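Read off the chains here:
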Amino acid sequence: MIAKWAANSPLAMIDQHVTSLKQYHAIAADVGLQDGLSSVNKEMDRIFNGFGINTFETYEGDHTNKIPERIGAKVLPFFSIT
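So, here's what we can say about the structure. (Residues numbered from 1 in each chain as written. Predicted model: local features only at pLDDT ≥ 70, side-chain atom pairs only at ≥ 80, totals over all residues. Heavy atoms only, no water.)

## Here's the deal with the pattern of salt bridges
Enumeration according to the criterion identifies four salt bridges in this entry. Across the salt bridge formed by Arg70 and Asp30, the nearest N and O atoms sit 2.4 Å from each other. Of this pair, Arg70 sits in helix α5 (residues 67-80) while Asp30 sits in strand β1 (residues 30-32), placing them 40 residues apart in sequence. Given the relative accessible area of 33%, Asp30 is considered partly exposed. Here Arg46 ties to Glu43 by a salt bridge, and the two come within 2.6 Å at their closest N and O atoms. Taken together, the residues Arg46 and Glu43, both in helix α4 (residues 38-50) and three residues apart, mark about one turn of the helix. Residue Arg46 is classed as exposed on the basis of its relative accessible area, which comes to 52%. Members of the salt-bridge network, linked through shared partners, are Asp30, Glu57, Arg70 and Lys74. (Salt bridge = Lys/Arg side-chain N within 4 Å of Asp/Glu carboxyl O. Helix = DSSP H or I, 4+ residues; strand = E, 2+ residues; numbered from the N terminus. Buried < 20%, exposed > 50% of the residue type's maximum accessible area, 1.4 Å probe, protein only.)

In structure tokens:
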């Protein structure tokens, strides 16, 4: 089960989707510093930056405790940019 999870993680799938990913100008991602996913997300950000895609933030919190405030403060403004 762990091997299946790892094989289907976003970081593991980047190589399969490079052509499509390079068409994006931005991908928003954030992760709580207490989430345990910070290092993986930083590696994805490094790879995306190499494609010219840049949007990544960390915040104080875990996987779910900041969702309501981040939706209003980060997600909706991200999608409203034209």
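## Some points on the environment of Gly32
As for its position among the elements, Gly32 is in strand β1. With a relative accessible area of 0%, Gly32 lands in the buried category. Each C-alpha atom of the pair Gly32 and Glu57 lies 8.7 Å from the other, and the pair is 25 residues apart in sequence. Filtering out sequence-adjacent residues up to four positions away, Gly32 remains in contact with Tyr59, Gly61 and Asp62. (Contact = heavy atoms within 4.5 Å.)

## What to know about the nonpolar core
Among the nonpolar cores identified, the biggest contains five residues, and these are Ile14, Leu21, Met44, Phe48 and Ile53. In this structure Phe48 touches Ile14, Leu21, Ile27 and Ile53, once residues within four positions along its chain are discounted. (Core = buried A, V, L, I, M, F, W, Y, C linked by side-chain atoms within 4.5 Å.)

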